[in-house]
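Chain by chain, the residues run as shown.
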Amino acid sequence: MKPREIERQQTQPQALSVILHLDPELFWFQGHFDVQPLLPGVAQLDWVMHYATTLLAPGFRFHSIQNVKFQAPLLPETTVTLEMTWQADKQLLAFSFQRHDGDARHTASSGKIRLCQ
C-alpha cells in the first residue's frame with residue numbers, strides 16, 4: 001500500500017518531486033512500533049524505487065545502496081515531499097524525504113541508490 005499522493009511535479013526528465021500524505025492506516029505503521037508508530041526505512045526505499053522505476057528510470061532495477069541516512073522519524077499524519085534526481089550516465093538515483101512543518105521542510109532521510117538494467 002502506497003501513501004496518498006497529493007501532488008507530483010516533473011519539470012525535467014531526470015528530476016521528480018512528489019508530495020505524499022502518510023495515512024495512519026498504512027500497512028507499514030502496523031506493529032512498527034506500538035507506542036509511537038513510525039515509517040520504516042524499508043518502506044521509504046520501496047516508495048523511492050516505485051517512483052524511480054515508474055517515472056524516472058523505466059527498465060532499471062535496484063542494484064545497491066550507495067549511502068542512506070535516516071535523520072528523523074516519519075510519523076502518521078505527516079505530509080512529506082519525496083525528491084529524486086536520476087543521473088543516467090552514472091546510473092545513480094539521489095533521493096530525500098522532507099517533512100513538512102508549517103511552511104518549513106526538514107530532511108527526514110536521504111541517500112543514493114545505484115540502479116542497473
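About the criteria used
Residues numbered from 1 in each chain as written. Predicted model: local features only at pLDDT ≥ 70, side-chain atom pairs only at ≥ 80, totals over all residues. Heavy atoms only, no water. Helix = DSSP H or I, 4+ residues; strand = E, 2+ residues; numbered from the N terminus. Rg over C-alpha atoms; globule rule 2.2 N^0.38 Å. Buried < 20%, exposed > 50% of the residue type's maximum accessible area, 1.4 Å probe, protein only. Contact = heavy atoms within 4.5 Å. Areas by Shrake-Rupley, 256 points an atom, 1.4 Å probe, with all protein chains shown as cover. Lys, Arg positive; Asp, Glu negative; His and termini not counted. Charge placed at Lys NZ, Arg CZ, Asp CG, Glu CD. UniProt positions renumbered as here; feature names shortened; annotations may be inferred. Core = buried A, V, L, I, M, F, W, Y, C linked by side-chain atoms within 4.5 Å. Phe/Tyr/Trp six-rings, centres within 6.5 Å; stacked < 30°, edge-to-face > 60°. Expected span 1.5 Å × (residues − 1).

### Considering the overall build of the protein
Stage number 1. Looking only at helices and strands, one finds one helix and six strands in the protein.
Stage number 2. In the protein, the succession of helices and strands from N to C terminus is β-β-α-β-β-β-β.
Stage number 3. Expected size for 117 residues packed as a compact globule is a radius of gyration near 13 Å; at 14 Å, the protein falls within 12% of this value.
Stage number 4. Expressed as lengths along the three principal axes of its C-alpha atoms, the size of the protein is roughly 45 × 30 × 25 Å.
Stage number 5. For the protein, with 117 residues in total, the buried portion stands at 40%.
Stage number 6. Counted over contacts in the protein with a minimum sequence separation of 6, partners at least 24 positions apart contribute 58%.
Stage number 7. When the accessible surface of the protein is split by element, carbon and sulfur atoms take 49% of a total near 6,600 Å².
Stage number 8. Each charge class in the protein can be summarised by its mean position, and for the 10 positive and 11 negative side chains these summaries are 12 Å apart.

### Focus on the UniProt feature "domain: ApeI dehydratase-like" (unreviewed entry) in the protein
Stage number 1. In the UniProt entry, the feature "domain: ApeI dehydratase-like" (unreviewed entry) is given for residues 10-103.
Stage number 2. In residues 10-103, helix accounts for 17% and strand for 44%; the two terminal C-alpha atoms are 21 Å from one another.

### Thoughts on the nonpolar core
Stage number 1. Core analysis: the largest hydrophobic core is formed by 30 residues, its most contacted members being M84 and F97.
Stage number 2. Mapped onto this core, the elements with two or more residues apiece are β2 (15-22), α1 (41-56), β4 (78-87), β5 (92-101) and β6 (104-116).
Stage number 3. Ranked by residues supplied to this core, first place goes to α1 with eight residues.
Stage number 4. Sequence-distant contacts of M84, defined by excluding residues within four places in its chain, comprise Q14, A15, L16, V48, Y51, A52, L56, L93, A94 and F95.

### Here we look at the packing of aromatic side chains
Stage number 1. Using the criterion set out here, one finds three aromatic pairs in the structure.
Stage number 2. Aromatic side chains F95 and F97 sit 6.5 Å apart centroid to centroid with 75 degrees between the ring planes, which places their arrangement in the edge-to-face category. For the residue pair F95 and F97, the accessibility class agrees, reading buried in each case.

### Quick look at α1
Stage number 1. Helix length check: α1 (16 residues) gives 21 Å between terminal C-alpha atoms against 22 Å at 1.5 Å per residue, within 8%.
Stage number 2. Against the buried residues of α1 lie β1 (4-12), β2, β3 (61-70), β4, β5 and β6.

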